[in-house]
Every structure is written in structure tokens, then in C-alpha cells.
Amino acid sequence: MSSQEIKPMPLKLYNSIAKDFNKLGSFSRNAENDLRKKYKDLPNETLGSIISLLVQRAMKQSYRKSPVISSKYYELYEEMMKDNKKGDVILRLADSQGISPALFVRSLLQNAYTDSVAVKKYIKDTTLIENKDLAYQVFMGIMHDNRYGPHLDIMRQSIGLEYELRLERELRLMNISFSDESVLRLRGYDKTPDFKLDVPIAVDGFIVNWIESKALFADDENHLGYLKEQLMCYWNRFGPGMVIYWFGYLETLDCTPEVNNMFILRTKFPDKQSITQYKVDL
């Protein structure tokens, strides 16, 4: 976990990372390491989050779920498995087809097993796959892909919770009273921010009624998604608030109409001197 403060990212730097990403011939961990060497001055969390975004979008654009495609992948797999030097068959096939190892694995299993429930079960626990060669190759594909598939889902949940707890600790240290998502849902709200402040605070003069924690990097596309699906709802119900993109965001987002009007963006919990707390008259 990086201790340095993360600044909003210039668009030029972000475009450079995206351009270098598009030149990669693989979506495996090794390819990611090449990017990390070039952008070693960036916090690991920031670059990792950007790579995850780019991988997800690349897979949506290039991969089409189809029995024909799954069958083709399985034929390629069987052909390569005839070789005595099997090795990392899944990784080589994923690279040759231009998709992530975990996605190749999923497509492969969808051809081998028609039951979608079984496919999900085998991805979660490869020891359940009776064919031991297939079990090993599936395991290798999943283990070498931390930007797509089950590993990414688990990491997202774990990291998201870690930073929510960090935010909660900061609020408690400053004696800022709040209601969390579970309390708000009991009150009948379907879409809720991570923390609704019982008494608003001001951050650098901006009134904040709620705080949303996002343990990721935000660019135009995913920020717009959060705006439509979540942030607009929070603003309509609770007024202005604050979004913390812990791993950074594009500096161009600060120029969008909603920022500094509906909510403010930060990359960490504000310093004490930036916060004004209000007392409730009883």
C-alpha cells in the first residue's frame, strides 16, 4: 500500500499508459510487469487499477461469447495438449488469441461442460475437475491472471472493504457521526453512499453530507458510470457530498459540471485543517 499522496493524473500520462497497454501482446502478469517497469514512479495501486480497467474494456471489445468460438478454443487446446512438452498451454493459447488467460479458461470450460453452474464451480475450485491435465491448465490460467476473472473479483471486494474501514476509522477519529449502508438500508433506502453524515461537514468550504469510497482509479468512462448509477441518486436524496477515489483520477474530471457542484473529488480523507465541523443545537 502506497503512503504517498496521489495527485489527479494528467490526461497526457493516462493516454501514454493506454497506448503502451495496447501494444502489449499478452494480458498475463509478465506483460503487466513490463508496464510497471516503465511507469515505476506511479503508485502500484494506481497503475494496477488502470490496467484492470483497460483489460476489462479490451475483453468486452474483442471477445464474443459463442459456442463456435468455445469449440475452436477447445480444438486448439486439445491439439497443443498432444505435445509432450505441455507446459503453460493455456497462457500460450490466450496470448495467441489475444484474450486474458482467465477468459480463455472460461470459454474452454463452457465447451467442455454445458452446465453453467458447473463451469462457475470448476473455476472457483479446479480440484473438482476430473481431467487432471485440464484441471492443472485451468488453474494455471486463473493464477496468471489478476486483471480478469475470479482473482480480480476477490481482490476488488477485499480492497474495497479495506478502504471503507480506513474511511470509517478516519471519521471516528474526528468524532464525525455517521450512518453506514446497513443502517440506511434499514431505513428503506435502496441506493446508499458508504457513509451518510448525521451532521454535515465542510471540506475546503464545500458542504459534505455523504462520502463514497472507491478503491480504484477513475477515468471519464467509469466515473460517468458511477455518476449515472450512484452519485446522482445520492445528490438527489442527500445533497452535496464527497467521492474518494483512493487510487487517483483523471485531472479532467475536476472540470466536469457535477464536480465542485454536486460533490467534490479527493484521493484521500482530507486533512483536519481542511475540515469544518458543525455542532447541533439541542
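Residues numbered from 1 in each chain as written. Predicted model: local features only at pLDDT ≥ 70, side-chain atom pairs only at ≥ 80, totals over all residues. Heavy atoms only, no water.

Named according to an unreviewed UniProt entry, the protein chain is CDAN1-interacting nuclease 1 originating from Danaus plexippus plexippus.

Take the packing of aromatic side chains next. A complete count under the given rule lists 10 aromatic pairs for this structure. For the pair Tyr163 and Phe247, a centre-to-centre distance of 5.3 Å together with 90° between the ring planes defines the contact as edge-to-face. Separated by 84 residues along the polypeptide, Tyr163 in helix 9 (residues 150-173) and Phe247 in the loop between strand 4 (241-245) and strand 5 (263-266) bring together distant segments of the chain. In this pair, the class of Tyr163 matches that of Phe247, namely buried. Arranged with centres 5.3 Å apart and planes meeting at 70°, the rings of Trp210 and Tyr234 form a pair that is edge-to-face. Of this pair, Trp210 sits in strand 3 (residues 206-214) while Tyr234 sits in helix 11 (residues 220-238), placing them 24 residues apart in sequence. Trp210 gets classed as buried once you look at its relative accessible area, which sits at 0%. Here the aromatic cluster, defined as three or more aromatic residues joined through ring pairs, consists of Tyr163, Trp246 and Phe247. Its end group placed over the ring of Tyr226, Lys214 keeps NZ or CZ at 4.0 Å from the ring centre. (Phe/Tyr/Trp six-rings, centres within 6.5 Å; stacked < 30°, edge-to-face > 60°. Helix = DSSP H or I, 4+ residues; strand = E, 2+ residues; numbered from the N terminus. Buried < 20%, exposed > 50% of the residue type's maximum accessible area, 1.4 Å probe, protein only. Lys NZ or Arg CZ within 6 Å of the ring centre and 35° of its normal.)

Our next topic: the nonpolar core. With 59 residues, the main nonpolar core has Tyr77, Leu109, Leu231, Tyr245 and Phe263 as its most contacted residues. At eight residues, the largest contribution of residues to this core is made by helix 3 (residues 44-62). A domain split of this core shows at least three residues from each of domain 1 (67-144) and domain 2 (153-268). Excluding anything up to four places from it in sequence, Tyr77 contacts Val89, Ile90, Leu93, Leu108, Asp133, Leu134 and Gln137. Counting residues in each nonpolar core, the second largest holds 20 residues, with Tyr163, Ile201, Trp246 and Ile275 among its members. (Core = buried A, V, L, I, M, F, W, Y, C linked by side-chain atoms within 4.5 Å. Domains from an automatic or database assignment. Contact = heavy atoms within 4.5 Å.)

Reports often express the size of an interface as the amount of accessible area lost when the parts come together. Structurally, the protein chain comprises domain 1 (67-144) and domain 2 (153-268). Each of domain 1 and domain 2 has a C-alpha centre, and the two are 39 Å apart.

Positive phi is not limited to glycine here, since Asn175 has a value of about 55°. Turning to its location among the elements, Asn175 is positioned in the loop between helix 9 and strand 1 (178-180). Accessibility expressed as a relative area gives 67% for Asn175, which makes it exposed. One non-glycine residue, Asn260, lies in the positive phi region at around 75°. Within the fold, Asn260 resides in the loop between strand 4 and strand 5.

Between its first and last C-alpha, helix 4 (residues 67-81) extends 21 Å over 15 residues, near the 21 Å set by a 1.5 Å rise per residue. When we look at burial in helix 4, the residues that qualify are Ser70, Tyr73, Tyr74, Tyr77 and Met81. Projected down its long axis, helix 4 carries its buried residues within an arc of 100°, all on one side. Of the exposed residues in helix 4, the ones pointing more than 90 degrees away from its buried face are Val68, Glu75 and Glu79. (Expected span 1.5 Å × (residues − 1). Arc of directions from axis to C-beta.)

For Glu212, the location among the structural elements is in strand 3. On the basis of relative accessible area, Glu212 is assigned to the buried category, the value being 4%.

Turning next to the packing of helix 6 (residues 101-112) against helix 8 (residues 132-143). Between helix 6 and helix 8, the shortest axis-to-axis distance is 7 Å and the interhelical angle comes to 150°. Comparing their axes, helix 8 and helix 6 come out roughly antiparallel. Crossing angle aside, the handedness with which helix 6 passes helix 8 is left-handed. Contact residues: Pro101, Ala102, Val105, Leu108 and Leu109 in helix 6; Leu134, Gln137, Val138, Gly141 and Ile142 in helix 8. (Axes fitted to C-alpha atoms, helices over the stretch in contact; angles between N-to-C directions. Parallel < 35°, antiparallel > 145°, perpendicular 65-115°, else oblique. Left-handed = near helix turned anticlockwise from the far one by under 90°.)

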